[in-house]
Amino acid sequence: MSDLETFRSETRAWLEANCPPEMREPIRSEKDSVWGGRDQSAMTPAQKQWMDAMGAKGWTVPDWPKEYGGGGLSAAEAKVLREEMARIRARNPLSSFGISMLGPALLKYGTEEQKKEHLPKIARGEIRWCQGYSEPNAGSDLASLATSAEDKGDHFLVNGQKVWTSYANYADWIFCLVRTDKTNKHNGISFVLFDMQTPGVSTKPILLISGYSPFCETFFDNVKVPKENLVGELNKGWDVAKYLLGHEREMISNMGLGGGGKNPLIDGAIATIGLDHDGRLADPLLRAKIAEFEVRSKAFAAQSERFIDELKAGRAHPAQPSMMKYYGTELNKSRHELIMASGGSDNLEWESERSRGGAPARDWLRTKANSIEGGTSEVQLNIISKRILELPGA
Amino acid sequence: MPLFLNDDQTMLRDTARDFVADAAPVSHMRKLRDSKDETGFSRDLWKQFADMGFTGILVGEDHGGLGLGHVEAGVVLEEIGRNLSPSPFLQTAVAAVEALKGTPHAERWFPGIVAGETVAALALDEGAKFRASVSMKAERSGNGFKLTGAKQFVHHGHVADFVIVSARTAGAADDQDGVTLFAVPKDAAGMTARAERLTDASLAARIEFDGVEVDADAVIGEVDAGRKPLDRLLRAGRAGAAAEMLGVGAGAMDMTIGYIKERKQFGTLIGSFQALQHRAAHLYSEMEVARAAVLKAQQLLDAGDDKADAAVSVAKAMTGLATMLSVQEGIQMHGGIGMTDEYDIGFYMKRQRVLAELFGDANYHADRLAQAAGY
Ligand SMILES: Cc1cc2nc3c(=O)[nH]c(=O)nc-3n(C[C@H](O)[C@H](O)[C@H](O)COP(=O)(O)OP(=O)(O)OC[C@H]3O[C@@H](n4cnc5c(N)ncnc54)[C@H](O)[C@@H]3O)c2cc1C
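Predicted model only: the values in this text are computed from it and were never measured.

### Observations regarding the interface of chain B and chain A
Reasoning step 1: Contact residues are listed per partner, giving 38 residues for chain B and 43 residues for chain A.
Reasoning step 2: With both sides pooled, the region where chain B packs onto chain A buries about 3500 Å², and carbon together with sulfur makes up 64% of that total.
Reasoning step 3: When the buried area of chain B at its contact with chain A is split by residue, Phe4, Tyr284 and Tyr375 of chain B rank highest and sum to 21% of it.
Reasoning step 4: The interface formed by chain B and chain A contains five salt bridges.
Reasoning step 5: Of the charged contacts, one joins Arg306 of chain A and Glu288 of chain B as a salt bridge, the two residues approaching to 3.4 Å between their closest N and O atoms.
Reasoning step 6: The interface formed by chain B and chain A contains 18 residue pairs in polar contact (both at pLDDT 80 or more).
Reasoning step 7: At the level of secondary structure, the elements contributing two or more residues to the side of chain B that touches chain A comprise helix H7 (227-260), helix H8 (274-302), helix H9 (308-334) and helix H11 (362-372) of chain B.
Reasoning step 8: Considering every element that reaches the side of chain B that touches chain A, the biggest residue donor is H8 of chain B, with 15 residues.
Reasoning step 9: Counted by class, the side of chain B that touches chain A contains 23 nonpolar, nine polar and six charged residues.

### Regarding the pairing of strand E4 (residues 173-179) of chain A
Reasoning step 1: The element E4 of chain A is extensively covered by neighbouring structure, given that seven of its seven residues are classed as buried.
Reasoning step 2: Burial along E4 of chain A is two-sided: Trp173, Phe175, Leu177 and Arg179 of chain A and Ile174, Cys176 and Val178 of chain A, pointing in opposite directions, are all buried.

### Let's talk about helix H2 (residues 26-34) of chain B
Residues and elements named next belong to chain B.
Reasoning step 1: Every buried residue belonging to H2 is among Val26, His28, Met29, Arg30 and Leu32, and all of these are buried.
Reasoning step 2: Each element contacted by the buried residues of H2 is listed here: helix H1 (7-23), helix H3 (43-51), helix H4 (70-83) and helix H10 (345-357).
Reasoning step 3: Phi turns positive, to about 50 degrees, at Lys36, one or two residues after H2.

### So, the environment of Ser35 of chain B
Reasoning step 1: Within the secondary structure, Ser35 of chain B sits in the loop between H2 and H3.
Reasoning step 2: A distance of 3.1 Å separates the side chain of Ser35 of chain B from the backbone oxygen of Leu32 of chain B, its partner in a polar contact.

### Details of the confidence of the model for chain B
Reasoning step 1: The predicted model of chain B averages 97 in pLDDT, with 100% of residues at 70 or higher.
Reasoning step 2: If you check the scores for this complex, the pTM reads 0.93 and the ipTM reads 0.91.

### A few points about the site of the ligand
Reasoning step 1: Taken together, 18 residues lie near the ligand, and Ser134, Ser140, Trp164, Ser166 and Thr376 of chain A sit nearest.
Reasoning step 2: Flanking the ligand are residues from chains A and B.
Reasoning step 3: For the ligand, a nitrogen atom lies 2.7 Å from a polar atom in the side chain of Ser166 of chain A.
Reasoning step 4: A distance of 2.8 Å separates an oxygen atom of the ligand from a polar atom in the side chain of Glu378 of chain A.
Reasoning step 5: Computed on the free molecule, the ligand has an accessible area of 970 Å², of which 68% lies beneath the protein chains in the complex.
Reasoning step 6: At the level of elements, strand E3 (155-166) and helix H11 (377-388) of chain A are the ones that each hand at least two residues to the shell around the ligand.
Reasoning step 7: Broken down by element, the shell around the ligand gets its largest block of residues, three residues, from E3 of chain A.
Reasoning step 8: Split into classes, the residues belonging to the shell around the ligand amount to five nonpolar, 10 polar and three charged.

### Here's the deal with the pattern of salt bridges
Residues and elements named next belong to chain B.
Reasoning step 1: For the coordinates displayed, the defined rule picks out 56 salt bridges over all chains.
Reasoning step 2: With its nearest N and O atoms 3.2 Å apart, the salt bridge here joins Arg17 to Glu79. With Arg17 in helix H1 and Glu79 in helix H4, this pair connects stretches of sequence that are 62 residues apart.
Reasoning step 3: A relative accessible area of 30% places Arg17 in the partly exposed class.
Reasoning step 4: Given a relative accessible area of 1%, Glu79 falls into the buried group.
Reasoning step 5: Arg368 serves as the salt-bridge partner of Asp309, at 2.8 Å between the closest nitrogen and oxygen. Linking Asp309 in helix H9 with Arg368 in helix H11, this pair joins segments that are 59 residues apart in sequence.
Reasoning step 6: Look at Arg368 and you get partly exposed, because its relative accessible area is 25%.
Reasoning step 7: The network of salt bridges with shared partners includes Arg17, Glu78, Glu79, Arg82, Asp254 and Arg291.

### Topic: the environment of Arg82 of chain B
Residue and element names in this part refer to chain B.
Reasoning step 1: Assignment of secondary structure puts Arg82 in helix H4.
Reasoning step 2: Each C-alpha atom of the pair Arg82 and Gln265 lies 28 Å from the other, and the pair is 183 residues apart in sequence.
Reasoning step 3: A polar side-chain atom of Arg82 sits 2.7 Å from a polar atom in the side chain of Glu78.

### Overview of the nonpolar core
Reasoning step 1: Residues Phe89, Leu147, Ile164 and Phe182 of chain B are the most contacted members of the largest nonpolar core, which totals 157 residues.
Reasoning step 2: Among the elements that make up this core, the one with the highest residue count is H7 of chain B (17 residues).
Reasoning step 3: Core analysis: the next-biggest nonpolar cluster, separate from the first, contains 36 residues, Leu94, Leu142, Trp173 and Phe191 of chain A among them.

### Section: the pairing of strand E2 (residues 148-151) of chain A
All names here are of chain A.
Reasoning step 1: By the bridge criterion, four bridges tie E2 to E3 in an arrangement that is antiparallel. Across the sheet, residue Ser148 finds its bridge partner in E3, namely Asn159.
Reasoning step 2: Between E2 and E3, which pair antiparallel in sequence order, lie three residues; one of them, Gly153, sits at a positive phi of approximately 85 degrees.

### Thoughts on the environment of Leu246 of chain B
Residue and element names in this part refer to chain B.
Reasoning step 1: With respect to the helices and strands, the residue Leu246 is situated in helix H7.
Reasoning step 2: Expressed as a C-alpha distance, the spacing of Leu246 and Glu329, which sit 83 residues apart in the sequence, is 15 Å.
Reasoning step 3: Apart from the residues lying within four places of it in its own chain, the contact partners of Leu246 are Glu78, Met287, Ala290, Arg291, Val294, Thr319 and Thr323.

Calculation rules
Residues numbered from 1 in each chain as written. Chains lettered and ligands numbered in written order. Predicted model: local features only at pLDDT ≥ 70, side-chain atom pairs only at ≥ 80, totals over all residues. Heavy atoms only, no water. Contact = heavy atoms within 4.5 Å. Buried area = accessible area lost by both parts, 1.4 Å probe. Salt bridge = Lys/Arg side-chain N within 4 Å of Asp/Glu carboxyl O. Polar contact = N/O pair within 3.5 Å; in protein donor to acceptor, adjacent residues only side chain to side chain. Helix = DSSP H or I, 4+ residues; strand = E, 2+ residues; numbered from the N terminus. Nonpolar A, V, L, I, M, F, W, Y, C, P; charged D, E, K, R; others polar. Buried < 20%, exposed > 50% of the residue type's maximum accessible area, 1.4 Å probe, protein only. pLDDT = per-residue confidence, 0-100. Near = heavy atom within 4 Å. Areas by Shrake-Rupley, 256 points an atom, 1.4 Å probe, with all protein chains shown as cover. Core = buried A, V, L, I, M, F, W, Y, C linked by side-chain atoms within 4.5 Å. Pairing = 2+ DSSP bridges.

Given below as structure tokens:
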């Protein structure tokens, strides 16, 4: 047996022994995702067991180095792990901005102390992070952000306001863009980390159209941030921010994939609409739309695989995450449009038990943000046209 | 296996890219069209394909081929597509070779194919749209069969050295069983091929089979069990058509993006207008997704994976959607010049339409996936 085959059979056995049956059910709503953090009281026993088992092995972050809490797997082994997890339909053990955004940025720009301090806690789901980028007057034009950080010798004094900070009210720490030089737009921004319990930090949840309130306004009033929490160089935070955004876009693009296995959209449509005497969905136009959607989503699954393979081999264009983000999120929005169309009035119930508290409708509404968060579709298209297609500037 | 070309495949692609662009650029096809050539391709070019080793890509080394796979065949097909090069490569070196592999027909036909001397045609379609059903009759007669019926959309059918024909030896049109595949030599009595020029200037024949007598050894595979070689042929042909179509879409996209980087209106390059940039970036995204779908299908085919069949339908449908967008945006973004015969972009539109129909269009393959998924 080759090393990879040995690894596969060992992985298969380990997953079999350690992945609880409840964690092999498809994710049915946003609430099924596990985010870790200091307060783990909301987790079910199965969720906690699964997160802890994977975290202890470093398999929440299979390709990070072992010394930072990762699995130390090669690209080929990580792929085997993904395949074996998909085979038993294992849920993602931990959703985390630490894993998908901050981690890669720290691995590239962090000091040894910063890596040793933060990465293992991210891997084990002990600390939950949030992202302090956007401000009321800095959305797509992020570099115009104004939250200030004054140099006070051993610390920065941070003042200002962030907005759209996802889960700020649940987060333990924040990675935050602050202005350290008012005279220079892009080269006056720094990237800092701080504990959300630091005096002067407060959050105010914002209710979404979905009725969920996953994000907040976040206020900083004379917040003291130790100097050693600066990531990268002073005034060079934009580089870190952009690098991180690439990873954020890559993560968001996965939405286009939906779950593994059979598309629940199809079962939903069959249940409400039924099949005709030829065994075809009795609404031929909807059937055609679903079928075309299936073509695109299967093709996009191949593209995601290709993108990851290229990324791991260092062959992907640095702006390619923008393409993935754009396509994946537009696809995910169309998936949820089709889910709503398939479910009919059943899916319109907002609070009933059978609709699991209105999950289909709320999830559908939530997906409308996919093409806004992490940089809008328009901004991704700007990036593709300028950086990949090299079209001229205005 | 990572989902990108390995070093050997990249080398082959570079070789094929240079060779096809040099030996058969779009102007080659234009010349054939303008001279009202009656073959539909250049025999001389086919010989050059053989000299490059391309014709034997899928032929095993025991028959003098390279023994490579669908990824490699696709690499060549993409360049054929990019240059709109008229060639029997897809039908002969890919689809026919796959159908004949491992049968006694390999002995007879592979040497000529590898040498660039033999051309095959595929007589499968019985109507204007590809369907899985087969009505054409093959009745037992003497120690062989007698073929009666008609086929259409047979590329190179009028000049091919042999024609692969699907016919019914038992059962009704829609039955899976009862289909037999035959290799019929071009001089068979009672077979008449009338070539018609298509939109893209290629030639495809309508073929009448008027009691054509063939020996029992004309059967490919087994009598009544022709679905097996036929499915092999179709899987290879579809993956190949998807690869060629990908080349058509990529060629049109490159030409279009090149154009909007140079064309000035309102005192500025039109490529700086966001309305065009966003559409170009969207097109790029669709083409990337289509490219991944094609490579995935080819790799699964090469691995003999049972998920290959569905992946091939995804690839054929996805390239159909993406390249259609590419050629349509191509004309639109070129503006008036895009409508002129003198400019090449229109050729891409025509070629895309032909390849889109070949072996089932995007709707056909989406429907196939839907049926397999039970809805
Ligand atoms: C659910 C959700 C979660 C989020 N989570 C976080 C988070 O955790 N942390 C965080 O910091 N931020 C977060 N955001 C903020 C998000 O990054 C911003 O909303 C986004 O960057 C867009 O900024 P804006 O809302 O100010 O829109 P604007 O920038 O005002 O854009 C309005 C419209 O104008 C278009 N537009 C703007 N500029 C251009 C241009 N140059 N060309 C073409 N069109 C343009 C946009 O595409 C959009 O359609 C989140 C947002 C959402 C919806």
